[in-house]
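These are the residues of each chain, in order.
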Amino acid sequence: MTDEGDRRGFAVLGWLVVFLLVTGLFSRALGLHWVQEVEWPTDLYALGRLERPSPVDVGIVGSSRSHYGLAPTAIDACLARTAGRVTTTVSANRLAASLYASDLVARELFSGERKPRALVVEVAPESLNANHFELDYNVASTAGPSDTFECIGAAVAGPPSLSACARPLVRGVENIAFWLHRPLTEHRHITWMALYAGGGQYCFGLPGCDARNADYDLRHQGRWQTRIDRVLPKVRTERFIDYEIDGGLPARHFVALLDRAKAEGVAVHVVNLPVSEVYQAEVPVEAYAEFLRWVPETTAAHGGAFVDLNVPEWRVRDRYIDPDHLNASGARALSARVCAELAGSVR
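These numbers were taken from a predicted model, which means no experiment stands behind them.

The rules behind each value
Residues numbered from 1 in each chain as written. Predicted model: local features only at pLDDT ≥ 70, side-chain atom pairs only at ≥ 80, totals over all residues. Heavy atoms only, no water. Helix = DSSP H or I, 4+ residues; strand = E, 2+ residues; numbered from the N terminus. Expected span 1.5 Å × (residues − 1). Buried < 20%, exposed > 50% of the residue type's maximum accessible area, 1.4 Å probe, protein only. Contact = heavy atoms within 4.5 Å. Phe/Tyr/Trp six-rings, centres within 6.5 Å; stacked < 30°, edge-to-face > 60°. Lys NZ or Arg CZ within 6 Å of the ring centre and 35° of its normal. Salt bridge = Lys/Arg side-chain N within 4 Å of Asp/Glu carboxyl O. Pairing = 2+ DSSP bridges. Axes fitted to C-alpha atoms, helices over the stretch in contact; angles between N-to-C directions. Parallel < 35°, antiparallel > 145°, perpendicular 65-115°, else oblique. Left-handed = near helix turned anticlockwise from the far one by under 90°. Nonpolar A, V, L, I, M, F, W, Y, C, P; charged D, E, K, R; others polar.

Describing helix α4 (residues 72-83)
The end-to-end C-alpha distance of α4 is 15 Å, a good match for the 16 Å that 12 residues give at a rise of 1.5 Å each. Of the positions making up α4, those classed as buried are P72, T73, A74, I75, D76, C78, L79 and A83. The elements touched by buried residues of α4 are β1 (58-61), β2 (89-91) and α17 (328-342). At the C-terminal side of α4, G84 shows a positive phi close to 75 degrees.

As structure tokens, then:
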């Protein structure tokens, strides 16, 4: 009786594993792996499915800092003047993204047949930390089944965790459930931006953009103090714990991104985005120095161009909605500055 019960138990377990794996493969085949619990990164599903009127000129990958600071509509308006034609910029950012997550997004959305003329890659000292504070989340929400073995190999030496590595194998059920529950036609703000403004938080020049920007900044006036109270005290203890750049998944994938772009003829602009003075004061001096040494050298060695915009002139308080995210006026100004860097790559 016990042997029969064991066999039935193993059979049920085996069929469950098969079901999860098949569901995961089905989800990826339909492009549903970006549809998850939060709207971000569900907007990437919108970007992946959206039929663009022209090839992508500029792709943007990064974290919430790029999401707030770089507005595709503002970049396109600027590039249209310098290039003498209509351009298409698409922003595909991830919440708390390390360079590991940014590479996986770029690999899917901005390579091969969908490669842009130029790729803007956000870097920050936190995003390259081998012990990135959200690496488990990055793996669990961004990686695919084909990334599992690499993930397990990295987990032997440190982060990510083995449970995070296993999540992509079984995430298909979640993807399909949320796709059925929240169809793409439900235009929340981030998805609306992906569909009509190339992504990002702020838009300019389209009907309703000014009202959306003003409404968002007004409703989030308390973000500055909230993040000072809740985020800044943990910057050193969470985001820079056991700081190491040259090693781990983020650095490895940063180099892979640069090499892939170079092989495909994509001009890469690696941009260190600005943060406010109060946030920068929490970044360990030694870690930041290592970051400023390693990133420009590595970028140049692999064919990219490094642009450092985290400088005093960009730390003006009234440009920020919180200590490390720009507001609408800051986004407009920064987008114009990045446009100047892109002009030579987009003709």
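Structural notes on the packing of aromatic side chains
One pass over the full model with this rule turns up seven aromatic pairs. An angle of 40 degrees between the planes, with centres 5.4 Å apart, marks the rings of F240 and Y243 as tilted. You can call F240 buried: its relative accessible area is 6%. Put simply, the rings of Y68, Y202 and Y216 touch in pairs and so form one group of aromatic residues. Just above the ring of W192 sits the side chain of R212; from NZ or CZ to the centre is 3.9 Å. For the cation-ring pair, R317 lies above W224, with the distance from its terminal atom to the ring centre recorded as 3.6 Å.

Here we look at the pattern of salt bridges
Applying the stated rule across the entire model yields 17 salt bridges. Measuring nitrogen to oxygen at the nearest pair gives 3.6 Å for the salt bridge that ties R227 to D322. Placement of the pair is R227 in helix α12 (residues 223-230) and D322 in strand β6 (residues 320-322), with a sequence separation of 95 residues. Using a relative accessible area of 0% as the deciding quantity, one classes D322 as buried. One salt bridge connects E277 with R315, and the closest N-O pair in it is separated by 3.8 Å. Of this pair, E277 sits in helix α15 (residues 277-280) while R315 sits in the loop between β5 (305-308) and β6; the two residues are 38 residues apart in sequence, bridging distant segments of the chain. For E277, a relative accessible area of 46% puts it in the partly exposed group. Taken together, the shared-partner salt bridges in this structure form one network comprising R65, E126, R223, R227, R239, D322 and D324.

Considerations on the pairing of strand β4 (residues 267-272)
The two faces of a sheet get side chains in turn, since along a regular strand they alternate between them. Across the six residues that make up β4, a large majority, five, are buried. Bridge count between strand β3 (residues 118-123) and β4: six bridges; the pairing is parallel. Paired with L119 across the two strands is V268, which belongs to β4.

Things to note about the packing of helix α5 (residues 99-109) against helix α14 (residues 249-264)
Two elements in contact, α5 and α14, have axes whose closest approach is 7 Å; the angle formed by their N-to-C orientations is 30 degrees. In terms of their interaxial angle, α5 and α14 are classed as roughly parallel. The way α5 lies across α14 gives a crossing that is left-handed. From α5, L99, Y100, S102, D103, L104, A106 and R107 reach across to α14, where they touch L249, P250, H253, F254, A256, L257 and R260. Residues belonging to the contact of α5 with α14 are distributed by class as follows: nine nonpolar, two polar and three charged.

Things to note about the sheet that holds β4
As summarised here, the arrangement of the five strands in space is β2-β1-β3-β4-β5, forming an open sheet in which the pairing is parallel. For this open sheet the edge positions go to β2 and β5, each flanked by a neighbour on one side alone. Put simply, the sheet's adjacent strands are angled 20 degrees from each other on average, direction ignored. Bridge count between β1 and β3: four bridges; the pairing is parallel. Bridging from a neighbouring strand, I60 pairs with V120 of β3. Packed on one face of the sheet, α4 meets β1 and β2 and runs near 160 degrees to β2.

Side note on the pairing of β1
Every second residue of β1 is oriented toward a common face, with V58 and I60 on one face and G59 and V61 on the other, all of them buried. In the sheet, β1 pairs with β2 via three bridges, with the strands oriented parallel. Across the sheet, residue V58 finds its bridge partner in β2, namely T89.

Purely geometric numbers; function is a separate question.
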